[in-house]
Amino acid sequence: MATEAPARGGYLDILRAPHAARLLAGTLVGRLPNGVGPIALTLFVRDQGGSYTLAGGLIAAYGVATAVGQPLLGRAVDLKGQPRVQLPAAVLSALGMALLALTGIGHLGLAYVAVVVAGLFTPPLEGGLRALWPSVLGREDRVHRAYAMDAVAQEVMFTVGPLLLTLLVSLWSPAAALLVINLLGVLGALAVVLSEPSRTWRSAPREAHWLGALRSPGLLALLGSFFFVGLALGSITVAAVAYADDRGTPSVYGWLMAALGLGALVGGVTYGARQWSGAPERRLRVLVLLLAVCYLPLVLTPGPVAMAALAALAGVFLAPVLACAFIVVDRHAPRGTVTEAFSWLVTTFGVGSALGSAAAGPAVELAGTVAGFAVAGAGGLAALLVLLATGRVLHVPVAPETPGAEPRHAVGAGAPTSVHTEKNTH
């Protein structure tokens, strides 16, 4: 059930909060290299005469390395704070991509080392931002609305990012585009870690456990589903390049990716304009169902204009799925593991995306573009099946703190005395 959100709870109210706009903008710019990484790698490899299979392999290596690095760096942030981890990681990641841009794919071993370094040290800015929202915004309803705004803002990045990348490629080259995008990423991370909330934030005390956030069964169920959502999106990245090549117009690829992001942007704005009652876990199942249904028409592969419309439709429910998932993560993350928990979400999403790219490459070469988009449809349906199979586990969130207790996930200068998770109302 949804109700109209009060005007005072809108996105502008959140952006007017001290530091909020800077943190959001810095995080988005800092995440730009990772956000357009698969696209940039695909264009770079194709420009150098490499195959779709090689492009998929490098993307897979990059994604798996990111998947390994994100939870490790996220745990380091929870233990050591943000500035001591985020900025050095951003610099090392940029150096990895610079190595690839300057040496090319002539030495495959070196190319794989470069993308592994870039992925392994991708800074956990996404999880870090969500860890900061409680101390910056205070009230639970504002934090939840910030999650929705965060998802919308990501789609702005995924809409503008491919267009910016395409522009840089057309002005210079895919190699130059890699260098510029990663330089921007370092500048974005710098803007975040120099802010007061980032410098003063400390994670809540955590129980020592080698599994960390992964000891939560509900979080594991969510991660299983988002692996397949990532797989679907990763396959679309490669299949869209093949579609553009089939049409003989490489620029169509950028427009398809922009249309996908634009659809998610529209869906996210619509979703965030309302307040939602009921258990978010139940709502997430409905949203993933709609997401899966909208992936299926991509296999029709009509002309470019109609295909762009289908890509926009495929993106409509992505931002709502993400926004709802952020709340579910917050409800199921053990105390003191918030950055790590959100980083695990990024990790499973990245692993799924990498494997989706790796699967779509051979699928395209063996059976054509339609087969690449079929991987996306299968991924969406698998994500839904995981949520349906684990419904009972997901409806048992971590118990909220008692009134007046220290927040479960974050403390910092000006932080509220308590931030309660959304109650289960089913």
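**Brief notes about helix α15 (residues 304-315)**
With 12 residues, α15 should cover 16 Å at 1.5 Å per step; its first-to-last C-alpha distance of 16 Å lies within 8% of that length. For α15, the complete set of buried residues consists of M307, L310, A311, A314 and G315. Projection of α15 onto a plane perpendicular to its axis shows the buried side chains occupying an angular sector of 140°, all on one side. Contact partners of the buried residues in α15: α12 (217-247), α13 (251-272), α14 (280-295), α16 (318-332) and α18 (369-389).

**What about a nonpolar patch on the surface?**
Taken together, the side chains of L183, L187, L190 and L194 present a nonpolar region at the surface, about 360 Å² in accessible area. Considering the arrangement of structural elements, one finds L183 in helix α10 (residues 174-193). Under the relative-accessibility criterion, L183 is labelled exposed at 53%.

**Some remarks on the side chain of S195**
Here S195 lies in the loop between α10 and α11 (196-200). Excluding residues within four positions of it along the chain, S195 makes contact with R22 and L23.

**Regarding the packing of helix α5 (residues 52-80) against helix α7 (residues 108-120)**
Angle between the axes and distance between the axes are the two parameters that describe a pair of packed helices. Where α5 meets α7, the closest approach of the two axes is 7 Å, and the angle between their N-to-C directions is 35°. The element α5 and its partner α7 pack so that their crossing is right-handed. Together, L54, G57, L58, A61, Y62, A65, T66, V68, G69 and L73 of α5 and L108, A111, Y112, V115, V116, A118, G119 and L120 of α7 make up the contact between the two elements. Of the residues belonging to the contact of α5 with α7, the class tally is 14 nonpolar, four polar and no charged.

**Observations regarding the packing of α14 against α18**
Between α14 and α18, the shortest axis-to-axis distance is 8 Å and the interhelical angle comes to 165°. Judged by the angle between their axes, α14 and α18 are roughly antiparallel. Judged by the sense of rotation from one axis to the other, the crossing of α14 with α18 is left-handed. Note on element contacts: α18 touches α14 through A376, G377, G380, L381, A383, L384, L387 and L388, opposite L284, R285, V288, L289, A292 and Y295. Looking at the contact of α14 with α18 residue by residue, the classes come out as 11 nonpolar, two polar and one charged.

**Describing the confidence of the model for the protein chain**
When pLDDT is averaged along the protein chain, the result is 83, and 88% of the positions lie at 70 or above. Across residues 1-8, where pLDDT falls below 50, the model places 18 contacts with residues more than four positions away in sequence or in other chains. This model gives residues 399-426 a pLDDT under 50, and the stretch forms 81 contacts once residues within four places in sequence are excluded.

**Let's talk about the nonpolar core**
Counting residues in each nonpolar core, the largest one holds 114 residues, and the members touching the most others are L100, W133, L222, I236 and L284. In terms of residue count, α12 provides more of this core than any other element does, 15 residues in total. With near-sequence residues (within four places) excluded, L222 lies in contact with L284, A325, V328, V329, L345 and L394.

**Observations regarding the pattern of salt bridges**
Enumeration over the complete set of coordinates arrives at seven salt bridges. Between R31 and E126 there is a salt bridge; the shortest N-O distance is 3.2 Å. Taken as a pair, R31 in the loop between α2 (20-30) and α3 (32-35) and E126 in helix α8 (residues 125-137) lie far apart in primary sequence, 95 residues in all. For the pair shown, R31 and E126 are each scored as buried. Here R130 ties to E126 by a salt bridge, and the two come within 2.8 Å at their closest N and O atoms. Here R130 pairs with E126, and both are found in helix α8, just four residues apart, close to one helical turn. Taking the relative accessible area as the measure of exposure, R130 reaches 0% and is therefore buried. One continuous salt-bridge network, built from bridges that share partners, spans R31, E126, R130 and D150.

**Considerations on the packing of aromatic side chains**
Counted by the stated rule, this structure contains five aromatic pairs. Considering the side-chain rings of Y147 and F326, the 6.1 Å spacing of their centres and the 70° angle between planes classify their relative orientation as edge-to-face. Here the residue Y147 occupies a position in helix α9 (residues 140-171), and F326 occupies one in helix α16, the gap between them amounting to 179 residues. Judged by its relative accessible area of 1%, Y147 is buried. Put simply, the rings of Y147, F326 and F342 pair up and form one aromatic cluster. Above the ring of Y52, the side-chain terminus of R46 is found at 4.3 Å from the ring centroid. The side chain of R130 reaches across the aromatic face of F326, ending 3.6 Å from its centre.

Quick notes on the rules
Residues numbered from 1 in each chain as written. Predicted model: local features only at pLDDT ≥ 70, side-chain atom pairs only at ≥ 80, totals over all residues. Heavy atoms only, no water. Helix = DSSP H or I, 4+ residues; strand = E, 2+ residues; numbered from the N terminus. Expected span 1.5 Å × (residues − 1). Buried < 20%, exposed > 50% of the residue type's maximum accessible area, 1.4 Å probe, protein only. Arc of directions from axis to C-beta. Contact = heavy atoms within 4.5 Å. Patch = residues over 30% accessible without salt bridge, like charges linked within 9 Å, V, L, I, M, F, W, Y side chains within 5 Å. Areas by Shrake-Rupley, 256 points an atom, 1.4 Å probe, with all protein chains shown as cover. Salt bridge = Lys/Arg side-chain N within 4 Å of Asp/Glu carboxyl O. Axes fitted to C-alpha atoms, helices over the stretch in contact; angles between N-to-C directions. Left-handed = near helix turned anticlockwise from the far one by under 90°. Nonpolar A, V, L, I, M, F, W, Y, C, P; charged D, E, K, R; others polar. Parallel < 35°, antiparallel > 145°, perpendicular 65-115°, else oblique. pLDDT = per-residue confidence, 0-100. Core = buried A, V, L, I, M, F, W, Y, C linked by side-chain atoms within 4.5 Å. Phe/Tyr/Trp six-rings, centres within 6.5 Å; stacked < 30°, edge-to-face > 60°. Lys NZ or Arg CZ within 6 Å of the ring centre and 35° of its normal.

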